[in-house]
Amino acid sequence: MSSRALRKLGGKSLEDELKKLDIDVSPEEEHEEVEEEESQPAASQPKFNAFAFLGGEDENDEEEEHVEGDLKPVETPKPVETKKKSKKKRKAKNKSRSTTPAPEDDDDDIDKILAEVKREEKQTKPKTTLETYDFEDEYDSTLEPSEIYDSNFKNFTTERLKMSLPLLSIKSFKNLDQDQEYKNLFGNSLSTELIEDANSTTSLAISPELLQQFKKIGKMIRNWGGKDRRNIPGTSRKLLLSKIRDDWLPTQLKSVNMEELTEDEVFDLLRYKEDDVDESDLRVKVTKERNLGVRYFRFNKVNDTKSRVANTRFYASTVLTPDPESLMQLLQQNPYHQETLLQVAMVLLRQGDNKATSNALIERALFTFDRSFHKKFHELVSSAENGLVRLPYEFFSNRQFYLNLFRYIVSLGERSLFETALTYCKFLLSLAPAEDPMGVRYFIDFYCIMSEEFEYLIQLSKSPLVTCYTRWCTPGITFSTVLAYLELNRVDDAEKELQKAFEAYPYVAYKLLTDVALSSVPGVKESNFEVTYEDAVSSETYMVRAKLLWQKHLDFLSATLEKLFKSKHKPASASYTSSFLGLLSFGTSKDETSKEVPFNLIRFAILSGENKIMAKLPKSVWNRDDLFEFDVLPPKEDMQELNLPNSKRICDSLIDYVDQNLLGAMVQENTRDIGLNLSPEEAALLEGVWHRNGEAEERGLD
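What you are looking at is a predicted structure, and each value in this text was computed from that prediction instead of being measured. (Residues numbered from 1 in each chain as written. Predicted model: local features only at pLDDT ≥ 70, side-chain atom pairs only at ≥ 80, totals over all residues. Heavy atoms only, no water.)

Asker: How do you make sense of the overall build of the protein chain when you look at a structure like this?
Answerer: On a plain count of helices and strands, the protein chain comes out with 35 helices and 5 strands. Across the 702 residues of the protein chain, 52% fall into the buried class. Contacts in the protein chain between residues at least 24 apart in sequence constitute 75% of all its contacts with a sequence separation of at least 6. On the protein chain, roughly 35200 Å² of surface is accessible, and the fraction owed to carbon and sulfur atoms is 50%. (Helix = DSSP H or I, 4+ residues; strand = E, 2+ residues; numbered from the N terminus. Buried < 20%, exposed > 50% of the residue type's maximum accessible area, 1.4 Å probe, protein only. Contact = heavy atoms within 4.5 Å. Areas by Shrake-Rupley, 256 points an atom, 1.4 Å probe, with all protein chains shown as cover.)

Asker: Could you clarify how one ought to interpret the pairing of strand E2 (residues 295-301) in this entry?
Answerer: Along any regular strand, the residues point their side chains to alternate faces of the sheet. Of all 7 residues making up E2, 6 are buried, and the element is well covered by its neighbours. Here 5 bridges tie strand E1 (residues 256-260) to E2, and the two strands are oriented antiparallel to one another. Residue pairing for E2: Glu-259 is matched across the bridge by Arg-298. Where E2 lies against strand E3 (residues 389-390), 2 bridges are found, and the strand directions are parallel. Within E3, the position partnered with Tyr-296 by the bridge is Arg-390. (Pairing = 2+ DSSP bridges.)

Asker: Got a minute to help me understand the nonpolar core in this structure?
Answerer: In this structure, Phe-377, Phe-401, Tyr-424, Phe-427, Leu-431, Leu-512 and Trp-550 are the most contacted members of the largest nonpolar core, which totals 149 residues. Excluding its chain neighbours within four sequence positions, the residues that come into contact with Phe-427 are Ile-170, Leu-241, Phe-377, Val-381, Asn-386, Phe-401 and Leu-405. Grouped together as the second largest cluster of nonpolar side chains are 8 residues, Ile-221, Trp-224, Ile-232 and Ile-244 included. (Core = buried A, V, L, I, M, F, W, Y, C linked by side-chain atoms within 4.5 Å.)

Asker: When you look at helix H15 (residues 324-333) in this model, what are you seeing that I'm missing?
Answerer: For H15, every residue scored as buried is listed here: Ser-326, Leu-327, Leu-330 and Leu-331. Buried residues along H15 cover an arc of 140° about the axis, so they all sit on one side. Turned more than 90 degrees away from the buried face of H15, the exposed residues are Glu-325 and Gln-332. For H15, the secondary structure elements touched by its buried residues are helix H14 (305-320), helix H16 (338-351) and helix H17 (355-370). With a side-chain oxygen positioned 3.3 Å from the backbone nitrogen of Glu-325, the residue opening H15 is Asp-323. (Arc of directions from axis to C-beta. Polar contact = N/O pair within 3.5 Å; in protein donor to acceptor, adjacent residues only side chain to side chain.)

Asker: Honestly, the pattern of salt bridges in this entry has me stumped. Any pointers?
Answerer: Any two side chains of opposite charge can pair if their charged atoms end up close together. Enumeration according to the criterion identifies 33 salt bridges in this entry. Measuring nitrogen to oxygen at the nearest pair gives 3.1 Å for the salt bridge that ties Glu-136 to Lys-288. Of this pair, Glu-136 sits in helix H7 (residues 127-140) while Lys-288 is found in helix H13 (residues 279-292), placing the two residues 152 residues apart along the sequence. Glu-487 is the partner of Lys-552 in a salt bridge, and the nearest nitrogen-oxygen pair spans 3.4 Å. Placement of the pair is Lys-552 in the loop between helix H27 (533-549) and helix H28 (554-568) and Glu-487 in helix H24 (residues 475-487), with a sequence separation of 65 residues. (Salt bridge = Lys/Arg side-chain N within 4 Å of Asp/Glu carboxyl O.)

Asker: Honestly, the packing of helix H9 (residues 178-186) against helix H20 (residues 418-430) in this entry has me stumped. Any pointers?
Answerer: Packing of H9 against H20 brings their axes to within 8 Å, and their N-to-C directions diverge by 140°. When the axes of H9 and H20 are compared, the crossing they make is right-handed. The residues of H20 that touch H9, namely those facing Gln-178, Glu-181 and Asn-184, are Phe-418, Glu-419 and Thr-420. (Axes fitted to C-alpha atoms, helices over the stretch in contact; angles between N-to-C directions. Left-handed = near helix turned anticlockwise from the far one by under 90°.)

Asker: I would appreciate a short explanation of H17 in the present structure.
Answerer: Side chains of residues three or four places apart in an α-helix project in the same direction, reflecting 3.6 residues per turn. The first and last C-alpha atoms of H17 sit 22 Å apart over 16 residues, in line with the 22 Å expected at 1.5 Å per residue. Along H17, 14 of the 16 residues are buried, which leaves the element largely enclosed by surrounding structure. (Expected span 1.5 Å × (residues − 1).)

Asker: I'm lost on the sheet that holds E2 in this one. Help?
Answerer: Across a sheet, strands are paired by hydrogen bonds formed along the backbone, either parallel or antiparallel in direction. Judged by pairing direction, the sheet is mixed, and its 3 strands sit side by side in the order E1-E2-E3 without closing on themselves. Where the open sheet ends on each side, the last strands, each with one partner, are E1 and E3. The strands touched by helix H18 (residues 375-382) within the sheet are E1, E2 and E3, with E2 carrying the most contacts at an inclination of about 125°.

Asker: Quick question: what am I supposed to make of the environment of His-374 here?
Answerer: As for its placement among the helices and strands, His-374 is situated in the loop between H17 and H18. The partly exposed category is assigned to His-374, whose relative accessible area is 24%. A sequence separation of 76 residues divides His-374 from Arg-298, and the C-alpha atoms of the two residues are 9.3 Å apart. Discounting chain neighbours no more than four positions away, the residues touching His-374 are Met-258, Glu-259, Glu-260 and Phe-297. A distance of 3.0 Å separates the side chain of His-374 from the backbone nitrogen of Lys-376, its partner in a polar contact.

Asker: For this particular structure, what's the right way to read the environment of Tyr-657?
Answerer: Summarising the element assignment, Tyr-657 is placed in the loop between helix H33 (639-642) and helix H34 (660-673). Taking the C-alpha atoms as reference points, Tyr-657 and Val-302, 355 residues apart in sequence, are found 9.2 Å from one another. For Tyr-657, the residues in contact, after removing those within four places along its chain, are Arg-298, Lys-301, Asn-303, Arg-308, Asn-311, Phe-396 and Asp-652.

Asker: How do you make sense of the packing of aromatic side chains when you look at a structure like this?
Answerer: For any pair of aromatic rings, geometry is given as the distance between the ring centres together with the angle between the planes. As enumerated under the stated definition, the model contains 34 aromatic pairs in all. Taking the centre distance of 6.0 Å and the plane angle of 55° together, the rings of Tyr-336 and Phe-367 count as tilted. In this pair, Tyr-336 is assigned in the loop between H15 and H16 and Phe-367 in helix H17, connecting sequence segments 31 residues apart. Phe-367 shares its class with Tyr-336; the two are buried. Look at Phe-479 and Tyr-542: their rings are 6.0 Å apart centre to centre, the planes differ by 25°, and that puts the pair in the stacked class. With Phe-479 in helix H24 and Tyr-542 in helix H27, this residue pair connects regions lying 63 residues apart in the sequence. Residue classification places Phe-479 among the buried residues on the basis of a relative accessible area of 0%. One aromatic cluster is present, formed by Phe-297, Phe-299, Phe-369, Phe-373, Phe-377, Phe-401 and Phe-427 through successive ring pairs. If you follow Arg-298 out to its NZ or CZ, it ends over the ring of Phe-395, 3.8 Å from the centre. (Phe/Tyr/Trp six-rings, centres within 6.5 Å; stacked < 30°, edge-to-face > 60°. Lys NZ or Arg CZ within 6 Å of the ring centre and 35° of its normal.)

Asker: Got a minute to help me understand the state of the cysteines in this structure?
Answerer: Put plainly, a disulfide is one covalent bond tying together the sulfur atoms of two cysteines. A complete count under the given rule lists 0 disulfides for this structure. Looking at the unpaired Cys-425, the closest cysteine sulfur is the one in Cys-448, lying at 7.7 Å. You can call Cys-425 buried: its relative accessible area is 0%. (Disulfide = S-S within 2.5 Å.)

Asker: I would appreciate a short explanation of the environment of Arg-390 in the present structure.
Answerer: Relative to the elements of secondary structure, Arg-390 occurs in strand E3. Classification of Arg-390 as buried rests on a relative accessible area of 7%. Between the C-alpha atoms of Arg-390 and Ala-432, which are 42 residues apart in sequence, the distance is 5.9 Å. Contacts of Arg-390, omitting those with residues within four sequence positions, involve Leu-161, Val-294, Arg-295, Tyr-296, Phe-297, Ser-430, Leu-431 and Pro-433.

Asker: Looking at this structure, I do not really get the confidence of the model for the protein chain. What am I missing?
Answerer: The predicted coordinates ought not to be read in detail in places where the model reports low pLDDT. Chain-level statistics for the protein chain give a pLDDT mean of 78 and a share of 69% at 70 or above. Between residues 124-134, whose pLDDT stays under 50, and residues either more than four places distant or in other chains, the model counts 10 contacts. (pLDDT = per-residue confidence, 0-100.)

Structure below.
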């Protein structure tokens, strides 16, 4: 505080002035003020200025630092106390201004003090506080859904995520157990012994002698299985997604490990796909998510010699020369190799329609991830706070976990375990609610209806998980919400919702009228609608299930749609043209395909195995070289950006975990074995695959 401000205090009692401002004074401070008052002449006490207590320093008064006479320096109140009483001080200031005008010199001094205080507060205040408001508040104030995907899905703000957490929650980790649904369905008639007998039944062909050896090995390994079959070897935690079966080889070795990403790693992850916000804003987003409790994790493949050999053999048997028999042999030698487990499961399902064995392999693959959960990840999921967990899709082993969950949801649906399947849909969506890489929004409505979770579907359709972007409100969610209202006997709401669905997806409404309700309206033809590739694919994702869903309400569907088409249809109307042609920004590709169909919709179409859906995909999709069944459309980084200084590689793929020398030897061996059937061009192309992979590793991509 400057000497000028001190002289203004003069001889007036500090206690009196503080009382005017309703500031409490301690007995010790009161005693000190009495002594000061007695030691100073009353005539020399200048006029009190309440604003001098703001703690500001007048830089122009540095020459007057020494106070003349016996005036003692007055202690400046603590900043916290000053802040608490700021409102009362402002009241006192307004009151003084209304009664007696302040001299011009006082105003100048006050302005300087206030300016200094404001400057100091700006310097000491955390940078993220102001930026948080400026950055995400702009998106929070926007009520209209965005028609295009922006980088990092900024329209789905931290506040909107917080609102969506109850809908992402699995409620209880017990809901992830299929046996729990069996108990709910059959009640007391299903005994614990019967469930245990089903769990002990082997799904794979295994001899009784080998089964007994597995049991003996299991007893030698600490915490292998246990009574509830959920003990994790080497830890006291329990399995959350799977149960150990008798025909699984007991082992303490893991296929993957899990780690939590640091804030800097999360920042790098967001920055690599960002194109329209400053880095400081990204820091704000990372900090706000961290404060909310969001944590990012990644699975890491165990990169030892045995694993690299298994990865190389898998790559050769699926990418270079597809060979199911080689995959079967690989699985026998590496019973917990995740990629092989998932691939063989699909081979068995397609070739032999052996669903029991296929489901067993999918569950074993799920076990390999389940046993490797990070402690914090395990805590969040077990406490049903899975909405705070993130698994970036950029990492290869994370993508394998996504694929594993997708396959498991399909297998649960085939066994009519719809409640458990819905729980896994919530879990899968919560791992990346904005990006939704597996397209959960295209099929979650089916499991909501089949499990009779009608209220949940209605809440989901109104939540930020659906309303932030136009594409998030999929045909399935839109039209199935109508069914949810009908099942709850809310016919008026169902009519209003069907009208909204009709306006959002008129082509889907037409297909429902003609293909499901088996009705028609004169003058309304399919040629009236201008349909994009995205419209065709997304509508087919709903139409393949629509007949099953609408069986009980065909009359309502037919009558309401006929009424809507008669009242609102205009032949060849451009208003029926969907406008969802925005760029998909899953962060990597600027390929023309991404303008036609979102990547997550392509992944769902291919992985669903539905021929009707895949037939709607544009031909350009099938010309891509990254449509492997074990890794459909993986994210990729711009190679030019990777060559820039200080650039970090984010995405990885299976080739990064392959032994290049072994792969080259296998390519040469295959070339010799089938050389008589290969043209020189084909042989050179096969050799080129190996050379390109080796060059990529030499460039530092491994």
